[in-house]
Amino acid sequence: MPLRRKIAATLYGVNSVVSVALGSVYLFRGSFMPYHADALGRRWAEVEPALQTLLGALMDVAGAGWIGIGVATLVLVAVPMRRGKRWGRLLIPVLFLIFYVPTLLATLAVLNGTPATPPWYGNAIACIATIGGTLTDAPWRSLPETD
């Protein structure tokens, strides 16, 4: 792989691994995150059982989404990107941005609409790393590749 593509693959790979790790935290956690408690103004034990079920299910869905985007992009980095396939090099940032831009907007809404301080910066970093990887790789350029 050319150096520029290796740099992009590293950025994407880090995003992918962090996504899987964060998804695992959400998927296997027995209660909501501390910033969720701050947003609601109550601890997990103070939340009604029906709402606990709903919030737990939403956390499971979010966790599965992070794991899904992480695994999918890891495979895309490992196979088509490494082989220089333009479609894979274009698909990786598209998938990351489709996932992380709305996630960033959601965390900013929680930040601005509640007393909580969600970790919005992680989503912003994922978006910036994705844009940086895309600009570094520049998959739209005409370079020798195998499509």
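The structure under discussion appears in the preceding block.
Nothing here was measured: the structure is a model prediction, and the numbers come from that model.

(A) Spotlight on unusual backbone geometry. Here the phi dihedral of Ala138 falls at roughly 50°; this positive angle occurs in a residue that is not glycine. If you trace the backbone, Ala138 turns up in the segment after helix H5 (120-137).

(B) Representation of the nonpolar core in the model. Core analysis: the largest hydrophobic core is formed by 24 residues, its most contacted members being Tyr12, Phe32, Met81, Ile92 and Tyr100. Those elements giving two or more residues to this core turn out to be helix H1 (3-28), helix H2 (34-40), helix H3 (49-81), helix H4 (86-113) and H5. In terms of residue count, the dominant contributor to this core is H3 (seven residues).

(C) Just the environment of Gly132, in detail. With respect to the helices and strands, the residue Gly132 is situated in helix H5. Judged by its relative accessible area of 26%, Gly132 falls in the partly exposed class. With 125 residues separating them along the chain, Gly132 and Ile7 place their C-alpha atoms 9.4 Å apart.

What counts as what
Residues numbered from 1 in each chain as written. Predicted model: local features only at pLDDT ≥ 70, side-chain atom pairs only at ≥ 80, totals over all residues. Heavy atoms only, no water. Helix = DSSP H or I, 4+ residues; strand = E, 2+ residues; numbered from the N terminus. Core = buried A, V, L, I, M, F, W, Y, C linked by side-chain atoms within 4.5 Å. Buried < 20%, exposed > 50% of the residue type's maximum accessible area, 1.4 Å probe, protein only.

That is the geometry; function is a separate question.
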